[in-house]
Amino acid sequence: MNKIEWTDLKYLSGFGNEFASETPSHPNALPKGQNTPQKAPYNLYMEQLSGTAFTAPRETNKRSWLYRILPSVKHFPFKKIDNGLVTHNWNDEEPNPNQLRWKPFDLPSNEKQVDFVQSMATLCGAGDARIRHGVAIHVYSCNVSMVDKAFCNSDGDFLIVPQKGCLFIKTEFGKMAVAPNEICVIQNGMRFSVEVEEASRGYILEVFDNHFVLPNLGPIGANGLANPRDFQTPVAWFENVKAIHFKIILKFQGNLFESHQDHSCFNVVAWHGNYAPFKYNLENFMAINTVTFDHADPSIFTVLTCPSLKPGTAIADFVIFPPRWSVAENTFRPPYYHRNCMSEFMGLIKGNYEAKKEGFQPGGASLHNLMIPHGPDFDCHRNATTEELKPVRVADGTMSFMFETCLGLAVTKWANKTCEKLDGEYYKCWQTLEDNFSKLSV
Ligand SMILES: O=C(O)Cc1cc(O)ccc1O
Ligand SMILES: [Fe+2]
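Predicted model, so just to flag it, every value in this text is computed and none were measured.

### Comments concerning the nonpolar core
Move 1: With 109 residues, the main nonpolar core has Tyr67, Val135, Leu159, Ile160 and Phe401 as its most contacted residues.
Move 2: Of the residues forming this core, the biggest block, seven residues, is contributed by strand E22 (residues 314–321).
Move 3: When residues of this core are assigned to domains, at least three map to each of domain 1 (11–282) and domain 2 (284–409).
Move 4: Apart from the residues within four sequence positions on either side, Tyr67 is in contact with Ala29, Leu30, Ala40, Leu44, Met46, Val268, Val269, Ala270 and Trp271.

Written as structure tokens, this is what we have:
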């Protein structure tokens, strides 16, 4: 497979800033002092992309102005195409209240060529993109680049977590390379195209309600967790490419549609605004944790949150479990046993997860739905209750993450059956837990 040489990548730094970017070959492509002059510099078309209602409060208002060779509207009509394994039909299967764990999802075989969009498969979700409320969790597993083809999501924002293989992503705002242990967010309505140089796999969290923001820090203070300066947005880049059949694949109300046009949609010469894609390297996360006792809730590891209208309750949080020191005294250090009014979907990028060293593998996943009990397996519990509590590094060389949502998640037919990855033995990891209490009282 071809190596992708994207050596000239530059990024703008900061979370949610008002950015302005011009392709160096076309200085002054952004109009001075106004958005819509009678004629834009270089005869470009002017187009606004709104990520919030025009009238959204200033603090949350999101929009960008794109100065492009042709406006997005110049395309042939959309036609319905096969949805593949993408779905928002949450009633196809009976609800499954068990603890669920999936073995690693297959990488595509060499005989089959499949690109990012073709490979997207929905695992679980809830809600309805039409009423702008809900989430969907997908996986992708692809081995070829999208050629003369872009994807656009009308339904919500994508948070993409590569697990294997770097994603080389062209967007209307510029190019970004997103390697495993990095994540990116591509918001509602933005066209993008994914190139890969090896069999590549990862997870996608889609939110219908709102955009991702940084969590409030409260008493932590002004710094910590994911720091705003570490978020990177592409600089303007364009290709002036005429194509016989450039395809736009649109996800619209949970269904896929295709239209074509005679030019690449990556034709934005300059843009400005605060509605733009970004990436983030999880290594930059500044973890905060106890230096005294007890296990702090995993919300301390929130990288990004998509808030609901209920205070403090997320449509979806993106939480990581990064390498760190564990120093708590007189404490059962691993995650506690618990039941949660939120659903917890977990994935593993590399290494292993402290609460389950066996069975939960990179490229696999687990789901503990609303109020479904879960916690450490037998080995983890035994070690944690007997080990000498010295300061230790935990999760070294590993990275796991959680998509936590206030919604009850329906599991798709593909996830439940067709993918054949559901681990029917998962429940066994707790069956050897012993009644140590009665042993004492005899
Ligand atoms: O279930 C899990 O493994 C995730 C998790 C981790 C943790 O440290 C505390 C609570 C929690 O749900
Ligand atoms: Fe949990």
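Having put the structure on the table, let's press on.
### Some remarks on the domain arrangement of the protein chain
Move 1: We note that the domain assignment places domain 1 (11–282) and domain 2 (284–409) within the protein chain.
Move 2: Between domain 1 and domain 2, the C-alpha centre-to-centre distance is 28 Å.
Move 3: If you look at the interface, domain 1 gives 42 residues, while domain 2 gives 40 residues.
Move 4: Secondary-structure elements contributing two or more residues to the side of domain 1 that touches domain 2 are strand E6 (100–102), strand E7 (121–128), strand E8 (133–142), strand E10 (157–164), strand E15 (200–207) and strand E20 (278–281).

### Considering the UniProt feature "binding site: homogentisate" (unreviewed entry) in the protein chain
Move 1: In this structure's numbering, the residues bearing the UniProt feature "binding site: homogentisate" (unreviewed entry) are Tyr353 and His374. Sequence-wise these annotated residues cover 22 residues; spatially they are packed, their C-alpha atoms never more than 14.0 Å apart.
Move 2: Within the element layout of this structure, Tyr353 appears in the loop between strand E24 (343–350) and strand E25 (365–368).
Move 3: Residues within four places of Tyr353 in sequence aside, it is in contact with Phe321, Leu348, Phe360 and Ser400.
Move 4: Take His374: it is sitting in the loop between E25 and helix H2 (378–386).
Move 5: According to the C-beta neighbour criterion, His374 is buried, with 22 such atoms within 10 Å.
Move 6: Each residue touching His374, except ones within four places of it in the same chain, is listed here: Gln99 and His368.

### Notes on the sheet that holds E22
Move 1: Ordered by their spatial adjacency, six strands build an open sheet running E6-E25-E24-E27-E22-E21, and the pairing between neighbours is antiparallel. Strands at the two margins of the open sheet, each flanked by one partner only, are E6 and strand E21 (302–307). Pairs of neighbouring strands in the sheet enclose a mean axial angle of 15 degrees, with direction left out of account.
Move 2: By the bridge criterion, five bridges tie E22 to strand E27 (residues 399–405) in an arrangement that is antiparallel. The partner of Val319 across the bridge, within E27, is Met402.

### What to know about the environment of Ala287
Move 1: Mapped onto the secondary structure, Ala287 falls in the loop between E20 and E21.
Move 2: C-beta crowding within 10 Å serves as the criterion here: with 15 such atoms nearby, Ala287 is assigned to the partly exposed category.
Move 3: Counting along the chain gives 141 residues from Ala287 to Lys428, while the straight-line C-alpha distance between them is 32 Å.
Move 4: Residue contacts for Ala287: discarding those within four places in its chain leaves Phe301, Pro322 and Arg324.

### Considerations on the pairing of strand E13 (residues 182–186)
If a strand is regular, its side chains alternate between the two faces of the sheet.
Move 1: With five of five residues buried, E13 is to be regarded as a mostly interior element.
Move 2: Of the two faces of E13, both are covered, the one formed by Glu182, Cys184 and Ile186 as well as the one formed by Ile183 and Val185.
Move 3: One ladder, built from three bridges, connects E10 with E13; its direction is antiparallel. Bridge pairing links Ile160 to Cys184 in E13.
Move 4: When E13 meets E20, the two strands line up antiparallel, connected through four bridges. Its bridge partner being in E20, Val185 is matched across the sheet by Phe278.

### Observations concerning the site of ligand 1
Move 1: Taken together, Pro298, Pro335, His338, Glu344, Ala355, His374 and Met402 form the complete shell of residues around ligand 1.
Move 2: Of the residues belonging to the shell around ligand 1, the class tally is four nonpolar, two polar and one charged.

### Some remarks on the UniProt feature "domain: Homogentisate 1,2-dioxygenase N-terminal" (unreviewed entry) in the protein chain
Move 1: Within this structure's numbering, the places UniProt gives as "domain: Homogentisate 1,2-dioxygenase N-terminal" (unreviewed entry) are residues 10–282.
Move 2: For residues 10–282, the end-to-end C-alpha separation is 19 Å, with 1% helix and 42% strand making up the annotated structure.

### Some thoughts on the confidence of the model for the protein chain
Move 1: With 100% of its residues at a pLDDT of 70 or more, the protein chain shows a mean pLDDT of 97.
Move 2: Listed scores for the predicted complex are pTM 0.98 and ipTM 0.99.

### So, the sheet that holds strand E19 (residues 268–273)
Two orientations exist for strands paired in a sheet by backbone hydrogen bonds: parallel and antiparallel.
Move 1: Reading across the sheet, the four strands line up as E2-E19-E4-E3 and stay open at both edges, with antiparallel pairing between neighbours. In the strand order of this sheet, the two ends are held by strand E2 (19–22) and strand E3 (45–50), each with one partner. Averaged over all adjacent pairs, the angle separating strand axes in this sheet is 20 degrees, with direction ignored.
Move 2: Taken together, the five bridges between strand E4 (residues 63–68) and E19 define a ladder with antiparallel strand orientation. Among the inter-strand pairings, Ser64 is bridged to a residue of E19, identified as Gly273.

### A closer look at the environment of Phe78
Move 1: As for its position among the elements, Phe78 is in the loop between E4 and strand E5 (79–80).
Move 2: On a C-alpha basis, the gap between Phe78 and Asn143 in space is 26 Å, while along the polypeptide they are 65 residues apart.
Move 3: When sequence neighbours within four positions are dropped, the list of residues in contact with Phe78 reads Leu250, Phe257, Glu258 and Ser259.

Conventions we followed
Residues numbered from 1 in each chain as written. Chains lettered and ligands numbered in written order. Predicted model: local features only at pLDDT ≥ 70, side-chain atom pairs only at ≥ 80, totals over all residues. Core = buried A, V, L, I, M, F, W, Y, C linked by C-beta atoms within 7 Å. Buried ≥ 20, exposed ≤ 12 C-beta atoms within 10 Å, placed from the backbone. Helix = DSSP H or I, 4+ residues; strand = E, 2+ residues; numbered from the N terminus. Domains from an automatic or database assignment. Contact = placed C-beta atoms within 7 Å. UniProt positions renumbered as here; feature names shortened; annotations may be inferred. Pairing = 2+ DSSP bridges. Axes fitted to C-alpha atoms, helices over the stretch in contact; angles between N-to-C directions. Near = placed C-beta within 6 Å. Nonpolar A, V, L, I, M, F, W, Y, C, P; charged D, E, K, R; others polar. pLDDT = per-residue confidence, 0-100.

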